[in-house]
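Observations on the three-dimensional arrangement
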Amino acid sequence: MSWQPEELSAYLDGELPPERAREIESALERNPELQAELESLMAVDAAAGRAFAAMLEEPVPASLAATVRNAAPGRPGNDPGPPVVRRWIAAACTALALLAGGVGGHLLTTDKGALQVAAGSGWLEDIADYHRVYSTQVRHLVEVPADEAEHIQTWLTATVGAEIVIPDLADLGLSFEGARLLVAAGEPVAQLVFTDAQGRVVALCAIQSDAPRDGFGRQQIDDFELVSWGGDAANFVVVGDAGRQDLQKIAEAAAQRT
Amino acid sequence: MAADFKNDLIAMLPRLRRFARSLTRSVTDADDLVQESCLRALSRSDQWDPAQPLDRWMFRIVRNTWISEVRKRSVRIGQGLVPADETHELTSSETGEDAALEKDLLQQIMDLPEELSALLLAVSVEGYSYAEAAALFDIPLGTVMSRIHRARKLLSLRMSETTGADT
């Protein structure tokens, strides 16, 4: 039989009619040269697949995610209702005021209906964006792995300007994976990354504060729930999937153990 | 709906950036392209039929946005796409001293003639059928078959050259 060279690619892609595919298979059995040609094409696909897969692990610029998040969606029918975007910006700004301490620190309550807008750039929004991007990472979930725990604590304490302690949360089903240094609203933020038995990521973030907040606050930004509190010269937040029920408990445990 | 749509888009950003980079062959241009495409998608989200996969719809928008940008650029600088059928060599997206450096496979993929890398990504990685790829890239089905084969042959050649050079 004779064939066009590109039919070999079409065979590889499952694009040949069944009868023609059988003819190619028959030729492959009899022709080692053709078999080698097919294998070289498969090797290209495998190598290209690995190269393309590696691209997915490159971090997405937070500004790109933020632009998409902040964009006003098309509003069919000119629905005059309050934009969803504004609601979460309000929540993020309120949370910022809380986490940064100061006069805004008393605006947020655990009553979702009582959220108020406070001035400031939404660093919590950055935290949520980081979480959205990094929590999908597998090989590059963290910047420094858990086996360098001592270094992580020294490094992040020096960089963030507040004591960073890695809490043991094993009794809550969380194992420590490692850490990242983030920059949110222009300030260094320590991010300690944990995963549960299902592989879901929970992050504990800390930012230096001269006036840490009192008590715990909870808010939701899109798919994520955030529980925040104040500690020694720092404000903390635990962020995880909104569906999970244990974030308050995790936050309270982390607050005692940091 | 709007929040879900945005969340889906944001979750898809790594794949959109990868596809955009295979088209633009530049990280910066790719991010600009993805941003512009997402804004376009958001402004016409009511046109998306939830019965069709959002990623396919987005890839189409990215590719269309890129083509309109290429047309604008070609008007500005007086040149357009080099048809892939007329090109038989890898072109270099780098200049000067970079061109002399050893390139890894990803760079070699990006150096494939216009749109061959995007076509390879769509078919080999994203799982597009030839018919779907033909629609995405606005080319005949037979051209998809010949181009995807050309892409593989060019890379195979370059891989064997690289292997040979290393030994």
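Predicted, not measured: the structure shown is a model, and the values here were computed from it.

**Thoughts on the overall build of chain B**
Along its length, chain B carries eight helices and zero strands. Burial statistics for chain B: of 167 residues in total, 38% are counted as buried. A sequence separation of at least 24 residues applies to 56% of the contacts in chain B between residues at least 6 apart.

**Side note on the nonpolar core**
Ranked by size, the top nonpolar core spans 52 residues in total, and within it Val34, Val62, Leu119, Leu120 and Ala133 of chain B carry the most contacts. Ranked by the residues each element gives to this core, the list is headed by helix H6 (residues 116-125) of chain B, at eight residues. Leave out the neighbours within four places in its chain, and Leu119 of chain B touches Ala133, Phe137, Val144, Arg147, Ile148 and Ala151 of chain B. Leu124, Ala162, Val227 and Ala251 of chain A belong to the second-largest nonpolar core, a separate cluster that totals 43 residues.

**Comments concerning the sheet that holds strand E1 (residues 144-145) of chain A**
Residues and elements named next belong to chain A. Reading across from one edge, E1-E2-E3-E4-E7-E6-E5 is the order of the seven strands in this open sheet, with antiparallel pairing throughout. A strand with exactly one partner marks an edge of an open sheet, and here the two such strands are E1 and strand E5 (217-221). As judged from the nine bridges shared by strand E2 (residues 175-184) and strand E3 (residues 187-195), these two strands associate in the antiparallel manner. Of the residues in E3, the one forming a bridge with Ala184 is Glu187. Here helix H7 (residues 149-160) sits on the sheet in contact with E1, E2, E3 and strand E4 (201-208), set at roughly 155° to E3. Strand contacts of helix H8 (residues 247-257): E4, E5, strand E6 (224-230) and strand E7 (234-241), with the helix running at about 150° to E7, the strand carrying the most contacts.

**As for H6 of chain B**
Residue and element names in this part refer to chain B. Counting buried residues along H6, ten of its ten residues qualify, which places the element largely inside the surrounding structure. For H6, the set of buried residues is Leu116, Ser117, Ala118, Leu119, Leu120, Leu121, Ala122, Val123, Ser124 and Val125. Gly127 sits one or two residues past H6 and shows a positive phi near 80°.

**What to know about H8 of chain A**
All names here are of chain A. Every buried residue of H8 is listed here: Ile250, Ala251 and Ala254. The arc enclosing the buried residues of H8, seen along the axis, measures out at 100°, which places them on a common side. In this fold, the buried residues of H8 make contact with E4, E6 and E7.

**Considerations on the packing of H6 of chain B against helix H7 (residues 130-137) of chain B**
Residue and element names in this part refer to chain B. Two numbers describe how H6 lies on H7: the axes approach to 10 Å, and their chain directions differ by 150°. Pair H6 / H7 crosses with right-handed handedness. Judged by residue contacts, Leu119, Ala122 and Val123 of H6 engage Ala133, Leu136 and Phe137 from H7.

**Looking at the interface of chain B and chain A**
Where interface size is quoted, it is often the accessible area lost as the parts come together. Tallying the contact residues gives 40 residues for chain B and 32 residues for chain A. Taken together, the elements giving at least two residues each to the side of chain B that touches chain A come down to helix H1 (2-24), helix H2 (27-43), helix H5 (105-110), H6 and helix H8 (141-166) of chain B. Looking at the side of chain B that touches chain A, the element that brings in the most residues is H1 of chain B, giving 13 residues. Among the residues forming the side of chain B that touches chain A, the class breakdown is 23 nonpolar, eight polar and nine charged.

**With respect to the pairing of E5 of chain A**
Residues and elements named next belong to chain A. Alternating positions in E5 separate cleanly, Gly217, Gln219 and Ile221 being buried on one face and Arg218 and Gln220 remaining unburied on the opposite face. Two elements, E5 and E6, share five bridges in a ladder whose sense is antiparallel. Looking at the pairing, Gln219 lines up with Leu226 of E6. Connecting E5 to the next strand, E6, in antiparallel fashion are two residues, including Asp222 with a positive phi near 50°.

**Some thoughts on the confidence of the model for chain B**
All names here are of chain B. Taken over all residues, the pLDDT of chain B has a mean of 81, while the share at 70 or more is 77%. For chain B, the element scoring lowest by mean pLDDT is helix H4 (residues 96-100), at 37; H6 scores highest, at 95. Note that residues 78-103 has pLDDT below 50 and, in this model, 29 contacts with residues that lie over four places away or in other chains. Predicted complex, confidence summary: ipTM 0.81, pTM 0.54.

**Here we look at unusual backbone geometry**
Residues and elements named next belong to chain B. Positive phi, normally seen in glycine, also occurs at Arg25, with a value near 60°. By the secondary structure assignment, Arg25 is in the loop between H1 and H2. Phi angles above zero are rare outside glycine, and Asp138 is one such case at about 55°. On the secondary structure map, Asp138 appears in the loop between H7 and H8. According to the C-beta neighbour criterion, Asp138 is exposed, with 10 such atoms within 10 Å.

**Considering the packing of helix H3 (residues 32-55) of chain A against H6 of chain B**
Look at H3 of chain A against H6 of chain B: their axes get within 10 Å of each other, and the N-to-C directions meet at 100°. Comparing their axes, H6 of chain B and H3 of chain A come out roughly perpendicular. Where H3 of chain A abuts H6 of chain B, its residues Asp45, Ala48, Gly49 and Phe52 of chain A lie against Leu120, Leu121, Ser124 and Val125 of chain B. Class assignment of the residues belonging to the contact of H3 of chain A with H6 of chain B gives a composition of five nonpolar, two polar and one charged.

**Regarding the environment of Ala255 of chain A**
Residues and elements named next belong to chain A. On the secondary structure map, Ala255 appears in helix H8. For the pair Ala255 and Val238, spaced 17 residues apart in sequence, the C-alpha separation works out to 10.0 Å. In this structure Ala255 touches Trp229, Gly231 and Phe236, once residues within four positions along its chain are discounted.

**A few points about the environment of Arg132 of chain A**
Locating Arg132 of chain A in the fold gives a position in helix H6 (residues 123-134). Taking the C-alpha atoms as reference points, Arg132 of chain A and Asp223 of chain A, separated by 91 residues in sequence, lie 8.7 Å from one another. Beyond its immediate stretch of four places on either side in the chain, Arg132 of chain A contacts Ala65 of chain A together with Ile10 of chain B.

Reading the values: rules and limits
- Residues numbered from 1 in each chain as written.
- Chains lettered and ligands numbered in written order.
- Predicted model: local features only at pLDDT ≥ 70, side-chain atom pairs only at ≥ 80, totals over all residues.
- Helix = DSSP H or I, 4+ residues; strand = E, 2+ residues; numbered from the N terminus.
- Buried ≥ 20, exposed ≤ 12 C-beta atoms within 10 Å, placed from the backbone.
- Contact = placed C-beta atoms within 7 Å.
- Core = buried A, V, L, I, M, F, W, Y, C linked by C-beta atoms within 7 Å.
- Pairing = 2+ DSSP bridges.
- Axes fitted to C-alpha atoms, helices over the stretch in contact; angles between N-to-C directions.
- Arc of directions from axis to C-beta.
- Left-handed = near helix turned anticlockwise from the far one by under 90°.
- Nonpolar A, V, L, I, M, F, W, Y, C, P; charged D, E, K, R; others polar.
- pLDDT = per-residue confidence, 0-100.
- Parallel < 35°, antiparallel > 145°, perpendicular 65-115°, else oblique.

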